[in-house]
There are 4 protein chains.
Amino acid sequence: MAKKKIAIVGGTGYTGVELLRLLAGHPNIELSVITSRSEAGRPVADLFPNLRGRIDLSFSEPDASRLKRCDLVFYATPNGTAMKQIPELIAAGCRVVDLAADFRIKDVSLWEQWYGMPHTSPALVKEAVYGLPEMNREALKSARLVANPGCYVTAATLGFLPLLEQGVVSVEHLIADCKSGVSGAGRGASVGMLMGEVGESFKAYGVPGHRHLPEILQNLSIAAKHKVGLTFVPHLVPMVRGIHATLYARITNAVDFQALYEERYRDEPFVDVLPSGSHPETRSVRGSNECRLAVHHPQGGEILVVLSVIDNLVKGAAGQAVQNMNLMLGLDERAGLDSPAILP
Amino acid sequence: MAKKKIAIVGGTGYTGVELLRLLAGHPNIELSVITSRSEAGRPVADLFPNLRGRIDLSFSEPDASRLKRCDLVFYATPNGTAMKQIPELIAAGCRVVDLAADFRIKDVSLWEQWYGMPHTSPALVKEAVYGLPEMNREALKSARLVANPGCYVTAATLGFLPLLEQGVVSVEHLIADCKSGVSGAGRGASVGMLMGEVGESFKAYGVPGHRHLPEILQNLSIAAKHKVGLTFVPHLVPMVRGIHATLYARITNAVDFQALYEERYRDEPFVDVLPSGSHPETRSVRGSNECRLAVHHPQGGEILVVLSVIDNLVKGAAGQAVQNMNLMLGLDERAGLDSPAILP
Amino acid sequence: MAKKKIAIVGGTGYTGVELLRLLAGHPNIELSVITSRSEAGRPVADLFPNLRGRIDLSFSEPDASRLKRCDLVFYATPNGTAMKQIPELIAAGCRVVDLAADFRIKDVSLWEQWYGMPHTSPALVKEAVYGLPEMNREALKSARLVANPGCYVTAATLGFLPLLEQGVVSVEHLIADCKSGVSGAGRGASVGMLMGEVGESFKAYGVPGHRHLPEILQNLSIAAKHKVGLTFVPHLVPMVRGIHATLYARITNAVDFQALYEERYRDEPFVDVLPSGSHPETRSVRGSNECRLAVHHPQGGEILVVLSVIDNLVKGAAGQAVQNMNLMLGLDERAGLDSPAILP
Amino acid sequence: MAKKKIAIVGGTGYTGVELLRLLAGHPNIELSVITSRSEAGRPVADLFPNLRGRIDLSFSEPDASRLKRCDLVFYATPNGTAMKQIPELIAAGCRVVDLAADFRIKDVSLWEQWYGMPHTSPALVKEAVYGLPEMNREALKSARLVANPGCYVTAATLGFLPLLEQGVVSVEHLIADCKSGVSGAGRGASVGMLMGEVGESFKAYGVPGHRHLPEILQNLSIAAKHKVGLTFVPHLVPMVRGIHATLYARITNAVDFQALYEERYRDEPFVDVLPSGSHPETRSVRGSNECRLAVHHPQGGEILVVLSVIDNLVKGAAGQAVQNMNLMLGLDERAGLDSPAILP
């Protein structure tokens, strides 16, 4: 089978370099184009020396005609860019995975409220398939446009999913206490993300409201077939990679939760339910596309606790995007994603 | 006023070195004895070079007769040691602050269940005053024996206290999602706390049950004058110092929560309620005895979120012990505790 | 004695907050003014919450007339600012400690070459006293203008000083392999200092030439009374505070080096020569003004190895500035600088 | 080609888990046996959850008869174990890579002096091939027993090699100032490697003498065809993985050093000479088998500075062992070693 031609638009951030790392080892694709206005002309491996000898490409100016010749284009741009450029590509027969948030929220006015700008492609929002394979695998196979989920959203949704689908917990007061490494904040210069500011310290942020809240709510409401209530508190951990979601729900129907989770994810290639009593570490998924889950029912009480870890740059971004690409292009869903996590 | 004579039993752990650091700068005391069976004869400053030129003492073998000549003895020993040795000291007129857990839980059988050993001094458990000045200041002044609170317990209790005292939240399903730096696990050799194991990673632990749970429950039930329900999940953060408690409660009576907290802690020397909308960082209390709190009411919903940070070795251990000592000896409650936190 | 009136110009960086922390506990001074163009009007404790309850001041617009009413002004501004503003203050009778590099290099043309700008106050360069008390204590007492040393420079100079003063090593090929925590790079927004870039990684930088090289050379040449040759390689350590200098020199005259160092620094309040065989840790000086040194003569060979640690923000910046202030104002040299380091 | 049968003896340390990670993705081998006395019976993926779904094996008791049926056995045991067990395997026709130090030093009495025990297999020391492919590729292909190099040794040797082979620097006073992440110290319980002890701090250790010194000296003397003099100072960096060697040599013959390095390593699959002016970061090799080098000639002076980075667990241990295995078994030298480093 001829290799598929792939492009990346906006490849200078952490999501970009991670996409490059994963695609460099993918057996079925050929990376044809990577664009960056600010770094045009510079070899990719000059900016990201881990890719020396693996990626020979240089960044190029965005050029729609070149992108259209690709089978699939990844958008790793800031929010608000993809929605302007994608319609032309879709019309030309290109398929697109957007790693930003432009097409994640089905309610356009809600999106506009949280992202603070008018949406320029509401029709495509309707068409876009939400790129969580564990919820939408079949639809993803034929999708023209995939909205790749947020990192916190992936960890929280996979953790709550079995409970809500089975209706065994109250949906009124769900709590997602989430912790992320600093790479989730991206590679833009800012005082707040200097190591001098966030090293050797821990804090919550965005408690009054974080953009991933409506996205998690959307997923959980679909799973529960009912509007759910959720309190979401993100925190910043002094480490580079990893998300840990600690999820709380009040039990309404006490089933064998361990069995429920194992059953739900039995055939999922990238969701791993740990044995009863486990505490997943973020390092157990570092660099890999796995989500590892553990289910706890402390002291047999009313509250169920689910622990969910992912690598925010892999299953929380670039890895999930590659998984979606694999589905869209009819490839093995695991292709390019089979390296074990790096531990320690 | 003559300086008070102070002893430390078991000073080779992190709580010990922190007590030494704080006492080295205390204007009203004289450190007379510091014992350690394993390090007897070794200069303290040889083990802890930050104390070179500040503490001239050497570790000595435990010797009750020398301890009895002190005004106050700190026990910084493993759980189960103080309860055996303290009765003799109390009988001799010594006053004691136990930094371990021996006297924290009033229900002796509950203590025996969580700590896995029979209690040898149940009478003293009854007498001991729980050393949280924000709850028990008056009783502490005349206490012969003070049970210094656990680190997680201090952060969680101070965060929930105003809500429970005022009865404005449901007490059934409180949640304390707590995160601690690694120094909370102590200075004993263990594979699990190697930097190679816990560096650049994040995890929960003890979800099925952690010894601080009954202690938090005891405090909260006293505050609420009612049995409370609590889910407590501790996590390990890849940093050395600091605890961050993220607390969730369902509102039953929507008052001005910011005002409630400011009012409750107005006269407390070591509790600082941040302005509305704040997110306290653990580094803002590093090395200091403060607890900083922030109160959030996300989207005006049903759940209140309280953020509480302390330095686990200071307000969570040695600093609170010094604060208790100050109260017991009639000294200025702030004495020896007035250095600002070190930031960055 | 009336408290001395002190001002800080440019207090929003790490050097600024550290000066504030140290001055907050200083018994003999009153902090009158702290200026910042960008943060004028904002309470200091709002930017640096560790200072809540310790510093009531707000940042104000720079105003020479207010500064002139102070006994001493600290400049914690970027390089090139102090040289423009200081002449007016000096003329008005103010004394000044400049924490930037404007007055450190006596050879003005050399300074202009390394700092890439013309010097506007060459006459004051001549007058300025270099603020390393271990070299210039007497001159500092009467200085109107003190050039506070660079952080790497302090660690390297104190480490080499005894050897060069006594002429017991070759001065041709000295090597200073230095490692710094990230706070040395300041609090300005930059991609290169994001935790995502520098966390969990180690690198050298500035090997072709770093601005601290001519400053170290100047000190060492004065000590040796001879031009010296030095290779200086700085490295970035994934931690917030601390400098470790590893110094290499070829022995020409094998004396008792341990005794040499102990003798040289016997009366220095802030230089601590560790026992033979020691390896100082940066944490042993975290938050304190000490420099800890150890001298090694591996396998009795031709190369002497000196290990020197400081806290880059204290003895490497703000602490040394306070030490210089104490000398200039006739105060106890240790005033405000007596807290032990925080370990762990 | 049938897959080669491989065994690992002693697989519970960091070198063991890293070998497992690399072998899990190796296309030409089958992992048949992994032994551990302490963990016998326990699934490998239970101890190292990153290997869940990748390695189905359980640890087994050491059993020579099973090992003998393998084509190649890795020894990842403490020093002194392999020398006792290997003779039997070699006699049975097994080939062995020893990742410990038992066969690294050709001078047996020197080895005994540094490792503090008598050597039980001096004949095999003579036969063993030192496993640095960049020095000994041809001999490795037919070796029965390979001594896999130490981590510091690999970084330092590859950095100095071109200079010594060409005789362009003085060999009398070479300096290797090396920095390592904590995983280099292994996975054994110890107070000194707790995160509470080594987090947020930096120190040198072993300055009086470290076991890697004679090994580096042996390599450099072979390269120089002359006895060399070296000062080696190792340091501990508060990060998990990575070694950075900063190497200093006095130039005796000023050639085009950049060209010299590029030429020397042109055909090496795992040595990457960076462009002139570069500063390699340890993260640029995290998880990969590369050594990245940069050559600096500061200010055109007499001292050459070489920067060399490796991942201590990959090119410094398990990756190099796999590279050696590939050579021994006639496989592609890159097999199983082609994943790019993980950055950030």
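Since the model is a prediction, treat every value here as computed from it, not as a measurement.

Calculation notes
Residues numbered from 1 in each chain as written. Chains lettered and ligands numbered in written order. Predicted model: local features only at pLDDT ≥ 70, side-chain atom pairs only at ≥ 80, totals over all residues. Helix = DSSP H or I, 4+ residues; strand = E, 2+ residues; numbered from the N terminus. Rg over C-alpha atoms; globule rule 2.2 N^0.38 Å. Contact = placed C-beta atoms within 7 Å. Domains from an automatic or database assignment. Nonpolar A, V, L, I, M, F, W, Y, C, P; charged D, E, K, R; others polar. Pairing = 2+ DSSP bridges. Axes fitted to C-alpha atoms, helices over the stretch in contact; angles between N-to-C directions.

**Q** Would you mind showing me how to read the overall build of chain A here?
**A** Within chain A one finds 12 helices and 13 strands. Relative to a compact globule of 344 residues, whose C-alpha radius of gyration would be 20 Å, chain A shows 20 Å and is just as compact. Across its three principal axes, chain A shows a C-alpha extent of roughly 60 × 45 × 40 Å. Relative to all contacts within chain A whose residues are 6 or more apart in sequence, the contacts with residues 24 or more apart total 71%.

**Q** Where do I start with the interface of chain D and chain A in this structure?
**A** Think of interface size as the accessible area that goes away when the parts come together; that is how it is often given. Chain D puts 25 residues into the contact, and the matching count from chain A is 26 residues. In terms of residue count, helix α1 (residues 14-24) of chain D provides more of the side of chain D that touches chain A than any other element does, 4 residues in total.

**Q** Looking at this structure, I do not really get the domain arrangement of chain A. What am I missing?
**A** All names here are of chain A. Each assigned domain of chain A is listed here: domain 1 (4-127) and domain 2 (151-312). Taking only C-alpha atoms, the centre of domain 1 and the centre of domain 2 are 26 Å apart. At the junction of the two partners, domain 1 supplies 9 residues and domain 2 supplies 7 residues. The biggest single contributor to the side of domain 1 that touches domain 2 is helix α5 (residues 108-115), with 3 residues. Its residues placed into classes, the side of domain 1 that touches domain 2 shows 6 nonpolar, 1 polar and 2 charged.

**Q** Mind showing me how you'd approach the sheet that holds strand β2 (residues 29-35) of chain C here?
**A** Sheet strands associate in pairs through backbone hydrogen bonding, adopting either a parallel or an antiparallel arrangement. Residues and elements named next belong to chain C. Ordered in space as β2-β1-β3-β4-β6-β5, the 6 strands form an open sheet in which the pairing is parallel. With one partner strand each, in any of the chains shown, β2 and β5 (129-130) form the two edges of the open sheet. As defined by bridge partners, strand β4 (residues 95-98) adjoins strand β6 (residues 145-147) across 3 bridges and the pair is classed as parallel. In the strand pairing of β6, Val97 is matched with Val146. Helix-sheet contacts for helix α1 (residues 14-24) involve β1 (4-9), β2 and β3 (72-75), and the interaxial angle to β1 is about 165°. Of the strands in this sheet, β3, β4 and β6 touch helix α12 (residues 314-328), which is tilted by about 160° from β4.

**Q** Sorry, what's going on with the sheet that holds strand β10 (residues 243-250) of chain A here?
**A** All names here are of chain A. Taken together, the 7 strands give an open sheet; going across it, the order is β8-β9-β7-β10-β13-β12-β11, and neighbouring strands pair in mixed fashion. Across the chains shown, the open sheet's two edge strands, defined by having one partner strand only, are β8 (203-204) and β11 (271-273). Here strand β7 (residues 174-180) runs beside β10; their pairing, made up of 6 bridges, is antiparallel. The residue of β10 that forms the bridge with Cys178 is Ala245. This element, helix α10 (residues 212-224), spans β7 and β9 (230-236) of the sheet and lies at about 135° to β9.

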